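Single-letter residue listing:
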Amino acid sequence: EYNEQSALKAKEKLLKVFIGDINHNLKELPDNYFDCIIFNDVLEHIVDPWKLLVALKTKLVNSGYIVSSIPNVRYYDNIKRLIINKDWEYTDKGILDKTHLRFFTQKSIMRLFEDTGYKVISLSGLEGGVSTRFPFKFAVLNWMTLKSLDDMRYMQFVTICKKS
């Protein structure tokens, strides 16, 4: 955890908490130990997520999994603001969070894991609090383009990967 206050709060509930850059703490993690490593809204904050994913392969058991949720920069509302408002405005939260160092689409998420030696078991749009239904005009445009915009319905994608 980068944020020291959050880390101290986490220490109240967790056995072990590392504070700071994960790349500096990797040597503290045992090899062939973890069954599952979860990245919920983390990889987009990492300077080099490719290097990190490669390094973490030694920390996973052979049958280990990586689970992640990653924002989708191609989310229709984000693209609409870019095209209609002609603006790429960083915000305090969301897809254009000021702390995001990397931006991903469905295709680039798949490539991120495949290029770092993982097999993607599942990659799906995250449903939940955010509606996955397009506004009417966007739905018509999606239909006219033979559903080539379907991935834009999702604000985030969830992946489950195994070492390949």
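Coordinates for the structure precede this section.
Read on for an overview of the structure. Bear in mind the structure is a predicted one, so any value in this text is a computation, not a measurement.

**As for the pairing of strand 2 (residues 60-71)**
Link 1 in the chain: Direction of pairing for strand 1 (residues 34-40) relative to strand 2: parallel, over a ladder of six bridges. Directly across from Asn 40, in strand 2, lies its bridge partner Ser 69.
Link 2 in the chain: Since strand 1 and strand 2 lie parallel, the crossover through helix 3 (residues 49-56) that links them has a hand, and here it is right-handed.
Link 3 in the chain: Two elements, strand 2 and strand 4 (residues 156-163), share seven bridges in a ladder whose sense is antiparallel. Residue Pro 71 lies in a different strand from strand 4, and its bridge partner there is Gln 156.

**Here's the deal with the packing of aromatic side chains**
Link 1 in the chain: For the structure shown, the criterion picks out eight aromatic pairs.
Link 2 in the chain: Residues Tyr 33 and Phe 34 carry aromatic rings whose centres are separated by 4.9 Å and whose planes lie at 85° to one another, so their mutual orientation is edge-to-face.
Link 3 in the chain: Overall, the relative accessible area of 53% leaves Tyr 33 in the exposed class.
Link 4 in the chain: Aromatic side chains Phe 113 and Tyr 118 sit 6.3 Å apart centroid to centroid with 90° between the ring planes, which places their arrangement in the edge-to-face category. When sorted by exposure, Phe 113 lands in the same class as Tyr 118, which is buried.
Link 5 in the chain: Each residue in the set Tyr 75, Tyr 76 and Phe 138 is aromatic and connected to the rest through ring pairs, giving one cluster.
Link 6 in the chain: Over the aromatic face of Tyr 118 sits the side chain of Lys 57, whose NZ or CZ is 5.8 Å from the ring centroid.

**Quick word on the sheet that holds strand 1**
Strand pairing in a sheet takes place through backbone hydrogen bonds and is either antiparallel or parallel in direction.
Link 1 in the chain: What the four strands build is an open sheet, ordered 1-2-4-3; its pairing is mixed. Edge positions in the sheet fall to strand 1 and strand 3 (118-125), since each has one partner strand and no second. Between one strand axis and the next, the sheet turns through 15° on average, direction left out of account.
Link 2 in the chain: Strands in contact with helix 3 are strand 1, strand 2 and strand 3; relative to strand 1, the strand with the most contacts, it is inclined by about 165°.
Link 3 in the chain: The strands touched by helix 5 (residues 106-115) are strand 2, strand 3 and strand 4; relative to strand 3, the strand with the most contacts, the crossing angle is about 160°.

Cut-offs used in this document
Residues numbered from 1 in each chain as written. Predicted model: local features only at pLDDT ≥ 70, side-chain atom pairs only at ≥ 80, totals over all residues. Heavy atoms only, no water. Pairing = 2+ DSSP bridges. Helix = DSSP H or I, 4+ residues; strand = E, 2+ residues; numbered from the N terminus. Right-handed = clockwise from strand over helix to strand, strands pointing away. Phe/Tyr/Trp six-rings, centres within 6.5 Å; stacked < 30°, edge-to-face > 60°. Buried < 20%, exposed > 50% of the residue type's maximum accessible area, 1.4 Å probe, protein only. Lys NZ or Arg CZ within 6 Å of the ring centre and 35° of its normal. Axes fitted to C-alpha atoms, helices over the stretch in contact; angles between N-to-C directions. Contact = heavy atoms within 4.5 Å.

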